[in-house]
Amino acid sequence: MRYISTRGQAPALSFEEAMLTGLARDGGLYVPESWPRLTRDQIAGFAGQPYEDVAVQVMRPFVGDTFTDDEFAGIVSRAYAGFAHAARCPVKQLEPGLFLLELFHGPTLAFKDVAMQLIGQMFEHSLKRQGRRVTIAGATSGDTGSAAIEAFRGLDAVDVFIMYPHGRVSEVQRRQMTTPSEPNVHTIAVDGDFDDCQAPLKDMFNDFEFRDGVSLAGVNSINWARVLAQVVYYFTAGVALGAPHRPVSFTVPTGNFGDIFAGYVARQMGLPIEMLVVATNQNDILHRTWVTGEHRKEGVRPSISPSMDIQVSSNFERLLFDIYDREPQAVAQLMTALKDEGGFALSQGALERLRDGFTSGVASEAETSAEIARTLERSQELICPHTAVGVKVAREQPASAAPMVVLATAHPAKFPDAVEEATGQRPPLPPHMADLFDRTERITRLPNDLAAIQAFVAENRT
Ligand SMILES: *Cc1c(COP(=O)(O)O)cnc(C)c1O
């Protein structure tokens, strides 16, 4: 399987090269040259299999000859060994027809561990084999950073630099990033919001001299390998609820569009998904896109679901590529308009394809809080504010025979203030993290300035 850029001006790469690179050199995102399909019998055969076994089968066609079957099975098994639940990503029923897919049983209590733990193992294997070192740089609205740090801390072949928006992540999120003591971990607080972190990161990748000089590698949700890891749980959840014999729908709390794009990939591969529902908080660029056909940035307003406080939704470009018939020139034009003019209108044909099998909804701050309280009252379940955005939007969908699965993207203890405010109950941290508030923090604060950030990276690599 080869990977091509959504903007058509970067060389096609193998899985390994696309994984180690992240962003394409023309500013685009790597996507597989075609979507592999699984047969109905293959999908039916996943029923009752361990998560790891399904993961190997779902991801195998995308990985090509980067790893042998045995190597890949070993990588997958090491990646999920640290998850606190034997099912890895269990499905839990809330009500008749309404389910949660719990994605927060990894080391940092959010769904990003599912992909990042796998990436850590794949990077280590590839880099050791090639005798290389890389500098991993990432921007985070909170959860990616800690997941990356957990995945790469202490590895020989990697330095990891994580930028987060100063003052805009929860204390648990911040402490998860600033308390690991390994010298290859560097956490940077940048002035501004998440998009102010993401912009210098992209510029750093587009500065080829710098990029090659420090062997920069990206693990933000633009990295194809991350999206791929997330495809797996759509299959395990779908099959647990009756697929391929009946269709299933998913509602996905969305920011950078990575998690829901993985659902689209699962559908392209043959999983019968009736509806993919985009659920946004008050930063609703994606919801507005579905409703109006215009993709237009507004300012970011901080919310109680901070991991979705985003207006530049990077992975949306991958869907644009498909709904514009995989025409890279069309995508490049739209992305230029987004950068220069703050937005663009979709063509009529693209809008029809956008709405085919996808819909959207939004939850305000008050609605998010109310949903946390309602879910506790109706189902005795404490949910995090991101998950609550999803549950609220899922409840609004028209009745259907297809079960609705909401992706539960973080553990409620990761956002204790919002949960306590809504319910009066403060969710406790699980035992392995109970001393988080006693550990020493290490942070560097930098202005939102490319040169300053590049200098810090260049000087502090181990
Ligand atoms: C990152 C994150 C999201 C948004 O996921 P995307 O892939 O960026 O759409 C939602 N909830 C939580 C808890 C997250 O950490």
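Notes on the structure follow. (Residues numbered from 1 in each chain as written. Predicted model: local features only at pLDDT ≥ 70, side-chain atom pairs only at ≥ 80, totals over all residues. Heavy atoms only, no water.)

Some thoughts on the overall build of the chain
The helix and strand tally for the chain stands at 19 helices and 15 strands. Radius of gyration (C-alpha) of the chain: 20 Å, near the 23 Å computed for a compact globule of 462 residues. With respect to the principal axes defined by its C-alpha atoms, the chain has extents near 55 × 50 × 50 Å. Within the chain, the fraction of its 462 residues that count as buried is 63%. Residue pairs in contact within the chain that sit at least 24 positions apart in sequence constitute 75% of those at least 6 positions apart. Accessible surface, the chain as shown: approximately 16600 Å² in total, 49% of it carbon and sulfur. (Helix = DSSP H or I, 4+ residues; strand = E, 2+ residues; numbered from the N terminus. Rg over C-alpha atoms; globule rule 2.2 N^0.38 Å. Buried < 20%, exposed > 50% of the residue type's maximum accessible area, 1.4 Å probe, protein only. Contact = heavy atoms within 4.5 Å. Areas by Shrake-Rupley, 256 points an atom, 1.4 Å probe, with all protein chains shown as cover.)

Details of the sheet that holds strand β4 (residues 98–102)
The strand order β3-β4-β14-β9-β10-β13 describes an open sheet built from six strands, whose pairing is mixed. The two strands at the open ends of the sheet, each matched to only one other strand, are β3 (91–95) and β13 (358–362). Direction aside, the axes of adjacent strands within the sheet are offset by 25 degrees on average. Of the strand pairs in this sheet, strand β10 (residues 273–280) and β13 are connected by five bridges, and their pairing is parallel. (Pairing = 2+ DSSP bridges. Axes fitted to C-alpha atoms, helices over the stretch in contact; angles between N-to-C directions.)

What about the pairing of strand β5 (residues 134–139)?
In terms of burial, β5 is largely enclosed, as six of its six residues are buried. What you see with β5 is no split at all: V134, I136 and G138 on one side and T135, A137 and A139 on the other are buried throughout. Pairing analysis gives six bridges linking β5 to strand β6 (residues 158–165), with the strands arranged parallel. In the sheet register, G138 faces β6, and the bridge partner there is I162. Assessed by its sense of winding, the connection that carries the chain from β5 through helix α6 (residues 143–152) to β6 is right-handed. Pairing geometry for β5 and strand β8 (residues 216–218), over three bridges, is parallel. (Right-handed = clockwise from strand over helix to strand, strands pointing away.)

A few points about helix α11 (residues 258–268)
Across the eleven residues of α11, ten count as buried, placing the element largely inside the fold. Those residues of α11 that fall on the buried side of the exposure criterion are G258, D259, I260, F261, A262, G263, Y264, V265, A266 and R267. Among the residues trailing α11, G270 stands out with phi positive, at a value near 120 degrees.

Considering the site of the ligand
Taken together, 15 residues sit near the ligand, with K112, D143, G255, N256 and T409 positioned nearest. Note that an oxygen atom of the ligand is positioned 2.4 Å from one of the side-chain N or O atoms of D143. Contact between the ligand and G258: an oxygen atom at 3.3 Å from a main-chain N or O atom of the residue. A total of 380 Å² of accessible area belongs to the ligand in isolation, and the protein chains cover 98% of it. Put simply, the ligand lies in the largest cavity. (Near = heavy atom within 4 Å. Polar contact = N/O pair within 3.5 Å; in protein donor to acceptor, adjacent residues only side chain to side chain. 1 Å grid on protein atoms, 1.4 Å probe; cavity = no way out; pocket = protein on both sides within 12 Å on 5 of 7 lines; lining within 4 Å. Sits in = over half its atoms within 2 Å of the grid points.)

Focus: the layout of surface pockets
To find the voids left in a structure, one rolls a probe of water-molecule size over its atoms. For the largest pocket, the calculated volume is near 620 Å³. Looking at the largest pocket, it is lined by 29 residues, and the ones nearest its centre are R7, K202, V312, M335 and K339. Of all elements in the fold, only α8 (194–206), α13 (316–323) and α14 (328–341) reach the threshold of two or more residues within the lining of the largest pocket. Class assignment for the residues of the lining of the largest pocket results in ten nonpolar, nine polar and ten charged. The space that makes up the second largest pocket amounts to roughly 290 Å³. Looking at the second largest pocket, it is lined by 16 residues, and the ones nearest its centre are A394, Q397, P398, S400 and M404. Taken together, the elements giving at least two residues each to the lining of the second largest pocket come down to β10 and α17 (385–395). Of the residues contributing to the lining of the second largest pocket, the split by class is eight nonpolar, five polar and three charged. (Points joined across faces, edges and corners; volume = space filled by probe spheres on them. Nonpolar A, V, L, I, M, F, W, Y, C, P; charged D, E, K, R; others polar.)

Some words on the side chain of T368
When you line up the elements, T368 lands in helix α16 (residues 365–379). Look at T368 and you get buried, because its relative accessible area is 0%. Filtering out sequence-adjacent residues up to four positions away, T368 remains in contact with I304, A363, P385, A388 and V389.

Some details on the sheet that holds β6
Judged by pairing direction, the sheet is parallel, and its five strands sit side by side in the order β8-β5-β6-β7-β15 without closing on themselves. Here the strands that pair on one side only, and so sit at the sheet edges, are β8 and β15 (444–446). On average, each strand axis in the sheet is tilted by 30 degrees relative to the strand beside it, whichever way the strands run.

Some remarks on unusual backbone geometry
Here A243 and P244 are connected by a cis peptide whose omega angle stands at 5 degrees. Of note, P244 is situated in the loop between α10 (224–240) and β9 (248–253). Phi angles above zero are rare outside glycine, and L109 is one such case at about 70 degrees. Here L109 lies in the loop between β4 and α5 (112–130).

Coordinates in, geometry out; function isn't part of it.
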